[in-house]
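Structure assessment
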2 protein chains.
Amino acid sequence: MPHDIRIVTEPDLRNAIGLDLDVIDCIEHGFRQLDGGSVIMPPVLSMAMPDAHAEVDIKTAYVPGLEGFAIKVSPGFFNNPSLGLPSLNGLMVLLSAKTGQVLAIFLDNGYLTDMRTAAAGAVAARHMAPEKVETVGVIGTGLQARLQVIAASKVRSFKKICIWGRDIEKAERLARDLETELSIEPFVMPAPDDVVAQSQLVVTTTPATAPVLGSAALHSGLHITAMGSDQDGKNEIDPAVLAKADRIVCDRISQCEKMGELRSALAAGGVAGLEDPRLTELGAVISGRAAGRSSADQITVCDLTGTGIQDTAIATLAHARVRAGGAGTRIQS
Amino acid sequence: MPHDIRIVTEPDLRNAIGLDLDVIDCIEHGFRQLDGGSVIMPPVLSMAMPDAHAEVDIKTAYVPGLEGFAIKVSPGFFNNPSLGLPSLNGLMVLLSAKTGQVLAIFLDNGYLTDMRTAAAGAVAARHMAPEKVETVGVIGTGLQARLQVIAASKVRSFKKICIWGRDIEKAERLARDLETELSIEPFVMPAPDDVVAQSQLVVTTTPATAPVLGSAALHSGLHITAMGSDQDGKNEIDPAVLAKADRIVCDRISQCEKMGELRSALAAGGVAGLEDPRLTELGAVISGRAAGRSSADQITVCDLTGTGIQDTAIATLAHARVRAGGAGTRIQS
């Protein structure tokens, strides 16, 4: 039986969804639902295509009670920059949770993924960072470096930003961008340890496959969110950092043990095993079922690998907004 | 960077793709490529949603050298008939194998899946059925029952059709439909064994979770294609049938051992293990790397669970045809 499908392009999605508190709350609510136990979230389907220097990840999550569930396709084609194209790409499909029919297709080229990833950083900061953050540090200089600092600014008031990146020109460009965007003084630092030493909240945003952030400069009253690792083989943070942390919060333990910082820490013995009492999930902290930061001077780490629940949450919000605004092309099929 | 995406609806896809020899050859070529070893085909992402009496399967396969690769989303919502909707549904997304950008979206509501599934039956019949088939038997009365008989008619000339289904009215309706479509005399049989006894080629097309086809009526010069099982828990054929078969051909052994007839036969000891010398893959038979039927009087079985390579193969053909015909809506995003 033919039915209407709403096809929404990236410009329309940029109009509908930004990095605001509504989006952060929407992602937080998703994690809370994930903790409730009724969400169904299968393992990521990940396909590497070595001859194309590419990979594609497919994520989904079903939340009983929601109108729909998203299937998110994220290709990464790492030769694209030489063609003048971004490496990351993709789309989301929203299916009816009642009939399985396609409700909407978001041709977002990865935009909604960028938003929900940054929003998860804000959620982690809200629940895990010290209440008082003077300085936010960021490791990496890409799009998520910028977005993670902006996201943090929605949940903490800070005065300074410390940046480190392998490419100092990119770090300086990011500094200028953030200065303009947030009217906050940015500092480009000579080494990751300098960023850690200065900051109470650090976000690592690199695709590193060997640690860029060591444990030498760890200090009390620090929260680190690592959002770069999302594949087996990626690793931003030295296992010694997790060894010294008072609390380790994963977006999803079963995913982080395969593709997050938890994976390398488990391999190196920085975390003894999944029964380590310091280990919990972000949803459990949000719901209050597990302790988050229990004092201002603790060292905490949040390991974000990116979850299907975030995709279903942001796709549901995007659908409501584009429908209300009448955006998109409706196609009958 | 904005690029054009072709959105194609089910009616346009029905115009572009039918159950003809080109489509059967296209699927055969896909299986041959799968045997070549360079195809990347990850395990199916399968999500069950028990509270909605529903499931969704996501399949993909990457074939080096092709312009694109498909990601196929197949929802099954089994309460849909009570809403006047078909249970099966879905869409395919074709991504560029060079850049990962979305090339086309096929809003096919499962139509391309129906075609590639039936075409795989024809490929199995072409390579495994006896050369002389007087009678084709079909177990089940749904859409695939009809399509599998039509597909068989493209690769074997037969004079009679024997049908068995739990619902005799549906069996009689299918008989009338096939009589009209193929101008061949159909017989509705009282039991599955009667179908087997009369036929040289039998296709089972049910969603059964306990065997509907036993071994009592097995006879020399018989090929059985079982295409109903595509989930852990489904089982159409008694393990004794596989125990007695001379040759067992899977679309993909690694998939059939989890969700095909091979699964239940392994569990019951009908097949001792994956090193059973009777066991091979359809692509290996097509390429000539492994033997198929080696004499007219053998009993052979083909276990089809449905593979991502079929989706990439038919999506590639569909894309070429709709592009040539100028079909679809082009959206820039």
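Residues numbered from 1 in each chain as written. Chains lettered and ligands numbered in written order. Predicted model: local features only at pLDDT ≥ 70, side-chain atom pairs only at ≥ 80, totals over all residues. Heavy atoms only, no water.

Observations concerning the domain arrangement of chain A
Residues and elements named next belong to chain A. The condition that has to hold: Residue ranges labeled as domains rest on an automatic or database domain assignment. Accessible area, probed at 1.4 Å, shrinks when two parts are joined; the buried area is that loss added up over both. Any carboxyl oxygen of Asp or Glu within 4 Å of a side-chain nitrogen of Lys or Arg constitutes a salt bridge here. Here a helix means four or more residues in a row that DSSP labels H or I, a strand means two or more in a row labelled E, and each is numbered from the N terminus.
Parsing chain A into structural domains produces domain 1 (4-113 + 309-332) and domain 2 (123-306). Here domain 1 and domain 2 have C-alpha centroids that lie 24 Å from each other. For the pair domain 1 and domain 2, the summed buried area comes to about 1800 Å², and 54% of that belongs to carbon and sulfur atoms. Counting the surface domain 1 buries against domain 2, the share from its top three residues, Leu 19, Phe 31 and Asp 35, is 32%. Of the charged contacts in the structure, one is a salt bridge between Glu 28 and Arg 126, with a shortest N-O distance of 2.6 Å. For the side of domain 1 that touches domain 2, the elements supplying multiple residues, two or more each, are helix H2 (21-36) and strand E3 (54-60).

Notes on the environment of Ala 97 of chain A
Going by this rule: When checking whether two residues touch, look at their non-hydrogen atoms; a contact exists if any pair is within 4.5 Å.
Locating Ala 97 of chain A in the fold gives a position in the loop between strand E5 (91-96) and strand E6 (102-107). In this structure, the C-alpha to C-alpha distance between Ala 97 of chain A and Ala 226 of chain A, residues 129 residues apart in sequence, is 32 Å. Apart from residues lying up to four places away in sequence, Ala 97 of chain A is in contact with Tyr 62, Leu 66, Glu 67, Gly 68 and Phe 69 of chain A together with Ala 52 and Phe 77 of chain B.

Concerning the side chain of Asp 276 of chain A
Residues and elements named next belong to chain A. Inclusion rule: Summary of the burial criterion: residues with accessible area below 20% of their type's maximum are buried, those above 50% are exposed, and those between are partly exposed, where the area comes from a 1.4 Å probe applied to protein chains only. Here a polar contact is taken to be a pair of N or O atoms separated by no more than 3.5 Å, where protein atoms must pair a possible hydrogen donor with a possible acceptor and residues adjacent in sequence count only if both atoms sit in side chains.
Take Asp 276: it is sitting in the loop between helix H9 (261-268) and strand E13 (279-281). Residue class for Asp 276 comes out buried when judged on its relative accessible area of 12%. Polar contacts involving the side chain of Asp 276 include one to the main-chain amide nitrogen of Arg 278, which spans 2.9 Å.

Details of the sheet that holds strand E7 (residues 135-139) of chain B
Residue and element names in this part refer to chain B. Counted only if it meets this: DSSP bridges decide pairing: two strands pair if at least two such bridges lie between them. Fitted lines through C-alpha atoms give the axes, limited to the stretch in contact for helices. The angle between two N-to-C directions lies from 0 to 180 degrees.
Read across the open sheet, the eight strands follow the order E9-E8-E7-E10-E11-E14-E12-E13; overall the sheet is parallel. Sheet topology places strand E9 (185-188) and strand E13 (279-281) at the edges, where each strand pairs with a single neighbour. Strand after strand, the sheet turns through a mean of 20° between neighbouring axes, direction not considered. The pairing of E7 with strand E10 (residues 201-204) spans four bridges and is classified as parallel. Following the sheet pairing, Val 136 is matched in E10 by Leu 201. Most of the contacts of helix H4 (residues 143-153) go to E7, to which it runs at about 160°, and overall it touches E7, strand E8 (160-164) and E10.

Considering the relation of the copies chain A and chain B
Using the following cut-off: When the copies are superposed, the least-squares fit takes in the C-alpha atoms of residues with a pLDDT of at least 70 in both.
Aligned on chain B, chain A shows an RMSD of 0.0 Å; the corresponding rotation is 180° and the shift along the axis is 0.0 Å. In symmetry terms, the pair is related by a two-fold rotation axis. Using C-alpha coordinates, one finds that chain A approaches the rotation axis most closely at Leu 45 of chain A, a distance of 3.0 Å.

Observations concerning the pattern of salt bridges
One pass over the structure, following the stated rule, counts 34 salt bridges over all chains. With a closest N to O distance of 2.9 Å, Arg 14 of chain B and Glu 10 of chain B form a salt bridge. Taken as a pair, Arg 14 of chain B and Glu 10 of chain B lie in helix H1 (residues 10-16) at a separation of four residues, close to a single helical turn. Among the residues examined, Glu 10 of chain B registers a relative accessible area of 16% and is labelled buried. Between Glu 131 of chain B and Arg 156 of chain B there is a salt bridge, with the nearest N and O atoms lying 3.7 Å from each other. On the criterion of sequence distance, the pair formed by Glu 131 of chain B in the loop between helix H3 (111-128) and E7 and Arg 156 of chain B in the loop between H4 and E8 is long-range, its members being 25 residues apart. Under the relative-accessibility criterion, Arg 156 of chain B is labelled buried at 7%. If you follow the salt bridges from partner to partner, you end up with Asp 25, Glu 28, Arg 32 and Arg 126 of chain A in one network.

A few points about the nonpolar core
One broad trend across soluble globular proteins is that nonpolar side chains are buried collectively. The test is simple: Grouping buried Ala, Val, Leu, Ile, Met, Phe, Trp, Tyr and Cys residues that are joined through side-chain atoms within 4.5 Å yields what is termed a nonpolar core.
Grouped together as the largest cluster of nonpolar side chains are 69 residues, with contacts concentrated most on Ile 17, Ile 27, Phe 106 and Leu 112 of chain A. Of all the elements, helix H3 (residues 111-128) of chain A adds the most residues to this core, at 11 residues. Viewed by domain, this core spans two of them, domain 1 (4-113 + 309-332) and domain 2 (123-306) of chain A, each represented by three or more residues. Once you skip the residues sitting within four places of it in the chain, Ile 17 of chain A turns out to touch Val 23, Tyr 111, Leu 112, Met 115, Ile 314, Leu 317, Ala 318 and Arg 321 of chain A. Among the nonpolar cores identified, the runner-up in size contains 67 residues, and Val 8, Leu 112, Ala 120 and Ala 318 of chain B belong to it.

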